[in-house]
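So you can see what is in the structure, the chains are spelled out below.
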Amino acid sequence: MMEVTMKTLSQMSGYSVSTVSKALRDKKDISIKTRKIIQDLAQSHDFVPNNSAIALRSQKSHTIAVIVPKIDSMIYGSMLNSIQHIAFENGYRVVVQQYQNYENDKYGCLKSLRSGGIDGVIVLGSSNGLEELKKSAEAHIFPTIVKKIEDLSLTANDYKSFGKKMINALFFKMENRDNGMD
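The residue count restarts for each chain, going from 1 along the sequence in the order it is written. Predicted model: local features are reported for residues with pLDDT of at least 70 only, side-chain atom pairs are reported and counted for 80 or more only, and whole-chain, interface and lining totals are derived from all residues. Excluded from the side-chain calculations are hydrogens and water; all other atoms, namely the structure's heavy atoms, are used.

Novice: Teacher, can you tell me more about the overall build of the chain here?
Specialist: By the criteria applied, helices consist of DSSP H or I runs no shorter than four residues and strands consist of E runs no shorter than two, each listed in order from the N terminus. Secondary structure summary: the chain contains eight helices and four strands in total. Counting from the amino terminus, the chain carries its helices and strands in the arrangement α-α-α-α-β-α-β-α-β-α-β-α. Any two residues having at least one pair of non-hydrogen atoms within 4.5 Å are treated as being in contact. Look at the contacts in the chain between residues 6 or more apart in sequence, and 62% of them connect residues 24 or more apart.

Novice: When you look at the pairing of strand S4 (residues 144-148) in this model, what are you seeing that I'm missing?
Specialist: Within a regular beta strand, the side chains point alternately toward one face of the sheet and then the other, so they alternate between its two faces. Working definition: with a 1.4 Å probe on protein chains only, accessible area under 20% of the residue-type maximum means buried, over 50% means exposed, and in between means partly exposed. With four of five residues buried, S4 is to be regarded as a mostly interior element. Strand pairing follows a simple DSSP-based rule, namely that at least 2 bridges must link the two strands. In this sheet, S4 lies alongside strand S3 (residues 120-125) in parallel orientation, the contact comprising five bridges. For Val123, the partnering residue across the bridge sits in S4 and is Val146.

Novice: Looking at this structure, I do not really get the sheet that holds S3. What am I missing?
Specialist: Strand pairing within a sheet occurs via backbone hydrogen bonds; the two strands may be parallel or antiparallel. Ordered in space as S2-S1-S3-S4, the four strands form an open sheet in which the pairing is parallel. Where the open sheet ends on each side, the last strands, each with one partner, are strand S2 (93-98) and S4. The sheet shows a mean angle of 15 degrees between the axes of neighbouring strands, taken without regard to direction. Helix axes are fitted only over the stretch in contact, all axes being lines through C-alpha atoms; the angle between N-to-C directions runs from 0 to 180 degrees.

Novice: Looking at this model, I keep getting lost on the nonpolar core. Mind explaining?
Specialist: As a rule of thumb, soluble globular proteins bury nonpolar side chains together. What we call a nonpolar core is a set of buried Ala, Val, Leu, Ile, Met, Phe, Trp, Tyr and Cys residues that are connected through their side-chain atoms within 4.5 Å. Ile64, Val66, Ile122, Leu124 and Ile167 are the most contacted members of the largest nonpolar core, which totals 22 residues. Counting only elements with at least two residues in this core, the list comes to strand S1 (63-68), helix H5 (74-89), S3 and helix H8 (156-178). Ile64 has contacts with Ile83, Ala87, Tyr92, Arg93, Val94, Val95, Ile118, Gly120, Ile167, Leu170 and Met174, leaving out every residue within four places of it along the chain. Counting 10 residues, the second largest nonpolar core, distinct from the first, contains Ile67, Cys109, Val121 and Val123.

Novice: I would appreciate a short explanation of helix H1 (residues 6-13) in the present structure.
Specialist: An α-helix turns once per 3.6 residues; consequently, residues spaced three or four apart project the same way. For H1, the full list of buried residues reads Thr8, Leu9 and Ser10. The elements touched by buried residues of H1 are helix H2 (17-24) and helix H3 (32-44). Gly14 occupies a position one or two residues after H1 and carries a positive phi of about 85 degrees.

Novice: Got a minute to help me understand the packing of aromatic side chains in this structure?
Specialist: Within a pair of aromatic rings, the relevant descriptors are the distance that separates the centres and the angle that separates the planes. Classification of ring pairs uses Phe, Tyr and Trp, with its six-membered ring standing for Trp, and accepts pairs whose centres are within 6.5 Å; under 30 degrees between planes counts as stacked, over 60 as edge-to-face, and the remaining range as tilted. Scanning all chains against the criterion turns up two aromatic pairs. Here the aromatic rings of Tyr92 and Phe171 are separated by 5.1 Å at their centres, their planes lie at 45 degrees, and the arrangement is tilted. In this pair, Tyr92 is assigned in the loop between H5 and S2 and Phe171 in helix H8, connecting sequence segments 79 residues apart. Here Tyr92 matches Phe171 in class, with each residue buried. With a centroid separation of 6.3 Å and 45 degrees between ring planes, the pair formed by Tyr159 and Phe162 is classed as tilted. You can see Tyr159 and its partner Phe162 sitting in helix H8, three residues apart, about one turn around the helix. Exposure remark for Tyr159: the relative accessible area of 0% places this residue in the buried category. It is Lys147 that lies over the ring of Phe162; its NZ or CZ is 5.5 Å from the centre. Look at NZ for Lys and CZ for Arg. If either is within 6 Å of the ring centre and within 35 degrees of the ring normal, a charge sits over the ring.

Right under this line is the structure:
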């Protein structure tokens, strides 16, 4: 099956690439009739927008990262469940990295994300090294929330609640940065 691009949609529809782009973004300077024609054509050919191009244009990737010690832990699994659910509801993808409880790997994970088109990061763990990481997080180019999990004996629902608080705190921080308030 051939990959359908905006250029392909332009050729198929007879409209310019610019008009196709605006129609797919539902811009009001394109007539309703033209938007419908182009959007229907895109849907019928299973058009998938190029997220890299969108991120480049908007300076937002709509991707957040979550760094945890272990994915298979009930604690972090529950938190990830909540984080991912809320992120998806808000139009964000989630990238997960695990540092396997090796102290320096938390820093390596953060460093590796700097060039990866990430809008924000949540770092979770239970080690004392997180306090140092929290102090250095301000130096990173994206909003970062660091949460040390103090009580490792709570229920899955308690950890889901923590996850909700973390993602909402990250969204708040990202919004304030976007509005020049950070």
